[in-house]
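# Fold and contact review
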Amino acid sequence: MTAVAISLNGIRKLTDGELIEGAVAGQVEGFEELVRRYQRPITSYVYRMLGDYESSLDVTQEVFIKVYNSLHKYSFDYKFSTWIYRIAHNASVDHMRRNSVTPQSIEVENADGSFQIQLESHAASPEQERERSEWRTEIDSVIRCLPTVYRDLILLRHSRDLSYDEIAEVTGLPLGTVKNRLFRAREMMRELFIQRGFTGI
Amino acid sequence: MVNESKKGCPNHGIAAYIDGELSPAREIELEMHFAACEPCLFEVNEQKRFLRELESSLHYENDLELPSNFTKVVVANAESSVSGLRRPRERYYALIVTLTLGLFVLIAVGPEAGKVMAGVAHLADQVAAVAGFFGHLVYSLFLGVVIILRALALQGSLDSFSLLALLSIVILTLTAVSKKAARIRRV
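Residues numbered from 1 in each chain as written. Chains lettered and ligands numbered in written order. Predicted model: local features only at pLDDT ≥ 70, side-chain atom pairs only at ≥ 80, totals over all residues.

## Regarding the environment of Arg-160 of chain A
Residue and element names in this part refer to chain A. By the element assignment, Arg-160 lies in the loop between helix H8 (148-159) and helix H9 (164-171). A residue is classified by how many C-beta atoms lie within 10 Å of it, and Arg-160, with 20 of them, is buried. Along the chain, Arg-160 and Tyr-45 lie 115 residues apart, while their C-alpha atoms are 7.8 Å from each other. In contact with Arg-160, other than residues within four places in its own chain, are Pro-41, Tyr-45, Tyr-85 and Leu-155. (Helix = DSSP H or I, 4+ residues; strand = E, 2+ residues; numbered from the N terminus. Buried ≥ 20, exposed ≤ 12 C-beta atoms within 10 Å, placed from the backbone. Contact = placed C-beta atoms within 7 Å.)

In structure tokens:
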């Protein structure tokens, strides 16, 4: 294990791997910097998965506690970002299962492997809606209408920029299924936009 | 519009092509197809436009407000998690404190310390006896199986069926013993 500088200025320049080594060696600053780096992307991903701000903060906190508890088991063969998104993915899916009142969680896969479009749920607060542009609101709204499995893939690919291989690792799905579902998810999104009167999509 | 593609057009391939997930050879193959297929070329441009819009929107995260002390709260909660990472020095202090307290207890009980220690020794004896019993049981079982197998092998009557039957008996016996042990533990 290499020695890691703990000055606040220096710590921001360290790689994720160096921060993990520091955290495992007992430097709380290492873990704190990891939280600072990933709190916004993880909260954003979880928020768009769940559609509820308060729950997304709780689940994000749960994700970081799991990360903290498992850091000593972390394998440097994997990218830290892939690993943490896998934990966030599992935590979001578990949360949806635990709170199975949302329509998104009641999904049945069709014979051809596709999923039905769900009813819209969890509108954001009026204050938040007013502050957003019409297009961003529409995108978020359409994403909330997607079945969970499709929403997950769209977010991992187009919001978090994960490769197909990384998405397969995060979700535990075969690579072929990832490609297939991602294609269907995009098609479904475009159909939803056309239904809402957005032409040329 | 969503593409109404012809039979043989690479629907899934278009998505993978735009995402840059294809091998260079497959990429060239598709580009040659797009050059000859107007609906596919149209679809590529439409999908690119759609994804540009989608990604510019999804990458916008400034409207996601986090509580001002979120980082500190998350770190504090993670650190207070019982099974979390423990600093080596923290573990060392915990061991010293526990040993010191144990020593104080022994001094406090004074003449009664002998009785306390006798109780501990008695408990250790019982645990050793139970462990010895189960160890002996498993040893005897395997010894018996080895003797039977050797006898059968010497007679030349050890075929795959009898071996399977013997293994089944061993597995069933081990399962029964483990269930019995679990019941004893519960009692």
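## Side note on the interface of chain A and chain B
On the chain B side, the residues contacting the 38 residues of chain A number 31 residues. Those elements that provide at least two residues to the side of chain A that touches chain B are helix H2 (16-24), helix H3 (28-50), helix H4 (53-70), helix H7 (134-145), H8 and helix H10 (175-195) of chain A. If you tally residues by element for the side of chain A that touches chain B, the top one is H3 of chain A, at 10 residues. Of the residues that constitute the side of chain A that touches chain B, the class distribution is 16 nonpolar, 11 polar and 11 charged. (Nonpolar A, V, L, I, M, F, W, Y, C, P; charged D, E, K, R; others polar.)

## Focus: the confidence of the model for chain B
Residue and element names in this part refer to chain B. In the predicted model, chain B carries a mean pLDDT of 80, and the fraction of residues at 70 or more is 87%. Within chain B, helix H2 (residues 24-36) carries the highest mean pLDDT (90), whereas helix H7 (residues 160-186) carries the lowest (75). Our summary of model confidence lists the complex with pTM equal to 0.61 and ipTM equal to 0.71. (pLDDT = per-residue confidence, 0-100.)

## Structural notes on the nonpolar core
Residue and element names in this part refer to chain A. Counting 55 residues, the largest nonpolar core has Val-46, Phe-64, Ala-88, Leu-146, Leu-153, Ile-154 and Ala-185 as the members making the most contacts within it. Top element by residues in this core is H3. It accounts for 10 residues. Residues contacting Ile-154, with those up to four places away along its chain left out, are Ile-143, Leu-146, Ala-185 and Met-189. (Core = buried A, V, L, I, M, F, W, Y, C linked by C-beta atoms within 7 Å.)

## Some words on helix H1 (residues 11-18) of chain B
One turn of the α-helix equals 3.6 residues, which is why residues spaced by three or four share an orientation. Residues of H1 of chain B that are buried: Ile-14, Ala-15 and Tyr-17 of chain B. What you see down the axis of H1 of chain B is that its buried residues fit within an arc of 160°, all on one side. Tucked inside the fold, the buried residues of H1 of chain B contact H10 of chain A together with H2 and helix H3 (38-58) of chain B. Residue Gly-20 of chain B follows H1 of chain B closely and has a positive phi angle near 70°. (Arc of directions from axis to C-beta.)

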